[in-house]
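For reference, the chains in residue letters:
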Amino acid sequence: MKHEPIPLDYCGDCNCYLNIPIHLQKVRQAIKKTRNSTPGADGISANWFKKLSIKDLSSITSFFQEVFSTSYIPEEWKHSIIVPVPKPNKDKSKINSYRPIALTSVFSKIFERILIQRITHHLLIGKKVPAVNGFLPPRDNHLAVYKIHTAITEAHTHKKYLLGISLDIKSAYDSVYIDGLILKCLRLGIKGNIIKVLHSFLQNRTIQVRWRNSLSKTKNVQKGLPQGSVVSPILFLLTYKFSETQYKACNSIQTMALRVALGLPKWTPNIVLMKIAGQEVLSEKIKRLAAQFFIRQLAKGTQSPIYDQNCKPSIKLIKKDEVLIANLFADLDTSTDHIITFPDTLSSRNNFCEIHFSDFSFQNKAHPVFLIKDLFEEAVSKEFYDYHIIATDASKSHSFTSIAGISNLQSFVYRIHPINSIFTAEALAICQALDELSVTDKNLLLLTDSYSVLQALKCLTIKSPKVIHRLAGKIFVRKNFNQKICLVWTPGHSLIHWNEKADLLAKTVTESHPFIEWIASEDIISHFQTISLQKTNHSFQNSNYQESIGDIPTMLTLTPWLKNRREDIIIARLLTRMIITPALLHRFGLHNNPCCQICNCDNNIEHIILFCSKYSNHRSILCAKLNFDLQLCPSLKAFFQNAVSDKRHLRILLQSLKSFDIY
């Protein structure tokens, strides 16, 4: 595919580390790191460079600096000799049995090492390291091995299974679009002479093929990264991203992995497989996670690295992702402007208010409600007699999500976005109370029955929900007015009149009440994940499999009741009707006779469990233990729904399967 050239602006700070003059010491380090491999077309080996005097190295340093300043790359540096090397145990008469090895100039490799050291340093200092292992100092293969070992150890400790998948990307370097790569480097801050040199190095390259003692004609190469080059691995990591075809390939990998993990045969339908695994389609999940990342960055506000010094986004989404985000928020009937963000400045907020969870006797839920009420009034009269009291509450129903607050002077009731969680609603209620119900001449006592909100506020960290940071910011502002603020947890529905009034207000909300459009990023992300998983359920419910096998539960809900992997596989195969029987094997041409030798009908799982006369006694015992009337409901769907309804029934089923020769 031929790409149109992209207009590029190489301008950058010539005094930054990327573009400083090349020093002799860096040249010597680059030569030392260069291995003594087969030289390129010029025939100069690494050992030759390692034996040079200081005077000769100084001359090479000056030459490197001239190349760096002028961006003129010698033609020999852009030329590669391709040597086909036979793969072991392959037919040498076929071209696919050879692996092409590129021989490039050692002189060029030394210069490339100097450039790549600067680029690596820039990525590490700017924390722009790609999330991959290999070719980078903090991300070497040892770290990858450590991660894998840790994952295996944790899985073993928690009695779980770890599935590893090895992938190979076909023609990886050849697929790189050079102008797109250079544009990506510019956006990462790799500018000035260094990017001009790299662009020149990657363009108009030539290759020849050496077969035995002969060289082919020279061929021009206009695309891709050069094989055998020192800069290619790092540059490939910067530019690589999934295409739509590779997204779809992920789905095939996912279904293969799930079949292995669940012990289901390869002919298990994908829709059934995704339903029992409780998973969303991987290609859609990748896109969802990308959207979630952007939403999280929006919620971080100016604290996010995507914002520049002028508090404006420093990156722009590509059209496809921009449409995806727009559609997501259109479905929610909101916009990104209403996401709750970090405050513009994050200051130290330790001990900025008093929070009481269990300091008073009325906070003991074991007391009778009438006693809690009396103890509360006693505590307020003794400890908070001169405080302005504010009570808040939130409510969430099928119709509305609402917040309310009340003091002895005024009150408020608002509707908020329905996907906000009750946690977010409770926090927003306190925020709104501080804005509307506060007074400036008294200290404030805020009452709430949300233990989780107060706990999150007391344990405030940079990772706390954004709504908690907003609440902390409002409290901090009030503290600047020399007000003392106390937040007190009160048990819900305990006849404390303040909380009862706030609770009643929140539940009486109607369509006519004003609407606050703030929405928490955490709730948006949770909503998107729920919707994505619902797509799996909808696909199953709209298929023919719903009618034939019923609404099967996910293995995630059943696994805590199972003892080992063998039991996991048996239950998964039973629920999906993929347990190995003569009828199933015959269906796929793997068995000669599908019929039961006793009953002379299809010997499938339904026949074995419900009808086969061979197992009539065992069937009667099993149905009695499960309290299941087979004559009233002779359906395998109903039978399995009863059998997996609780742990006791599931254990009875597993113990009885041996009697049916299924184990």
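The structure under discussion appears in the preceding block.
Read on for a plain summary of the structure. Residue numbering note: each chain is counted from 1, following its sequence as written. Reporting in this predicted model follows two pLDDT cut-offs: at least 70 for local features of residues, and 80 or more for side-chain atom pairs to be given and counted; totals over whole chains, interfaces and linings ignore these cut-offs and use all residues. Side-chain descriptors were evaluated using all non-hydrogen atoms of the structure, hydrogens and water having been removed beforehand.

Side note on the pattern of salt bridges
Then step 1. What counts as a salt bridge is simple: a side-chain nitrogen of Lys or Arg found within 4 Å of a carboxyl oxygen of Asp or Glu. Per the stated rule, a full pass over the model turns up 10 salt bridges.
Then step 2. We note a salt bridge from Lys507 to Asp503, for which the minimum N-O separation is 3.4 Å. With Lys507 and Asp503 both in helix H17 (residues 497-507), this residue pair falls 4 residues apart, about one helical turn. Each helix corresponds to a stretch of at least 4 residues labelled H or I by DSSP, and each strand to a stretch of at least 2 residues labelled E; elements are numbered beginning at the N terminus.

Description of the sheet that holds strand E7 (residues 387-396)
What links the strands of a sheet is backbone hydrogen bonding, and the strands pair in either a parallel or an antiparallel sense.
Then step 1. Here 7 strands make up an open sheet; going across it, the order is E6-E11-E10-E7-E8-E9-E12 and the pairing mixed. Each end of this open sheet is capped by a strand with a single partner; those strands are strand E6 (354-356) and strand E12 (515-516).
Then step 2. Throughout, a contact is declared for two residues whenever any of their heavy atoms are within 4.5 Å. Between the N-to-C directions of two axes lies an angle of 0 to 180 degrees, each axis being a line fitted to C-alpha atoms and, for a helix, fitted only over the stretch in contact. Strand contacts of helix H14 (residues 422-436): E7, strand E8 (401-407), strand E9 (411-416), strand E10 (443-448), strand E11 (485-489) and E12, with the helix running at about 145 degrees to E7, the strand carrying the most contacts. Two strands form a pair only when DSSP identifies at least two bridges running between them.

What about the layout of surface pockets?
Then step 1. A cavity, in this analysis, means grid points on a 1 Å lattice covering only the protein atoms where a 1.4 Å probe fits yet has no way out; a pocket is instead an open set bounded by protein on both sides within 12 Å along at least five of seven lines, and a residue lines either one if it has an atom within 4 Å of a point. Grid points are joined across faces, edges and corners, and a volume is the space filled by probe spheres set on the points. Taken as a whole, the second largest pocket encloses approximately 1,300 Å³ of empty space.
Then step 2. Around the second largest pocket, the lining is made up of 36 residues, and of these Pro100, Ser171, Tyr173, Asp174 and Gln227 lie nearest the centre.
Then step 3. Going through the elements one at a time, strand E1 (79-86), strand E2 (98-103), strand E3 (205-211), strand E5 (219-221) and helix H8 (232-239) are the ones with two or more residues in the lining of the second largest pocket.
Then step 4. When its residues are assigned to classes, the lining of the second largest pocket shows 21 nonpolar, 7 polar and 8 charged. Gly is placed with the polar residues, together with every amino acid not listed as nonpolar (Ala, Val, Leu, Ile, Met, Phe, Trp, Tyr, Cys and Pro) or charged (Asp, Glu, Lys and Arg).

Notes on the packing of aromatic side chains
Then step 1. Pairing of aromatic side chains requires ring centres within 6.5 Å, counting the rings of Phe and Tyr and the six-membered ring of Trp. Pairs whose planes differ by under 30 degrees are stacked, by over 60 edge-to-face, and all others tilted. Here the structure, examined in full by the defined rule, presents 20 aromatic pairs.
Then step 2. Judged by centre distance (6.0 Å) and plane angle (90 degrees), the ring pair of Phe63 and Trp77 falls under edge-to-face. Of this pair, Phe63 sits in helix H3 (residues 54-70) while Trp77 sits in the loop between H3 and E1, and the two are 14 residues apart along the sequence.
Then step 3. Exposure categories follow from relative accessible area, calculated using a 1.4 Å probe and restricted to protein chains: below 20% of the type maximum is buried, above 50% is exposed, and the middle band is partly exposed. For Trp77, a relative accessible area of 3% translates into the label buried.
Then step 4. Among the aromatic residues, those joined into a ring-pair cluster are Trp48, Phe49, Phe63, Phe64, Trp77, Phe107 and Phe111.
Then step 5. By definition, being over a ring means that NZ of Lys or CZ of Arg is both within 6 Å of the ring centre and within 35 degrees of the ring normal. The cationic tip of Arg205 hangs over the ring face of Phe201; the distance from NZ or CZ to the ring centre is 4.6 Å.

Here we look at the packing of helix H6 (residues 178-187) against helix H7 (residues 193-202)
Then step 1. Running from N to C, H6 and H7 point in directions that differ by 165 degrees, and their axes come no closer than 11 Å. Taken together, the axes of H6 and H7 are roughly antiparallel relative to one another. Both H6 and H7 take part in a crossing whose hand is right-handed. Residue-level contacts link Ile178, Asp179, Leu181, Ile182, Cys185 and Leu186 of H6 to Ile195, His199 and Leu202 of H7.
Then step 2. Partitioning the contact of H6 with H7 into residue classes produces 7 nonpolar, 1 polar and 1 charged. Our angle categories are set so that under 35 degrees counts as roughly parallel, over 145 as roughly antiparallel, 65 to 115 as roughly perpendicular, and the remainder as oblique. Note on convention: near helix rotated counterclockwise from far helix by under a right angle means a left-handed crossing. Clockwise means right-handed.

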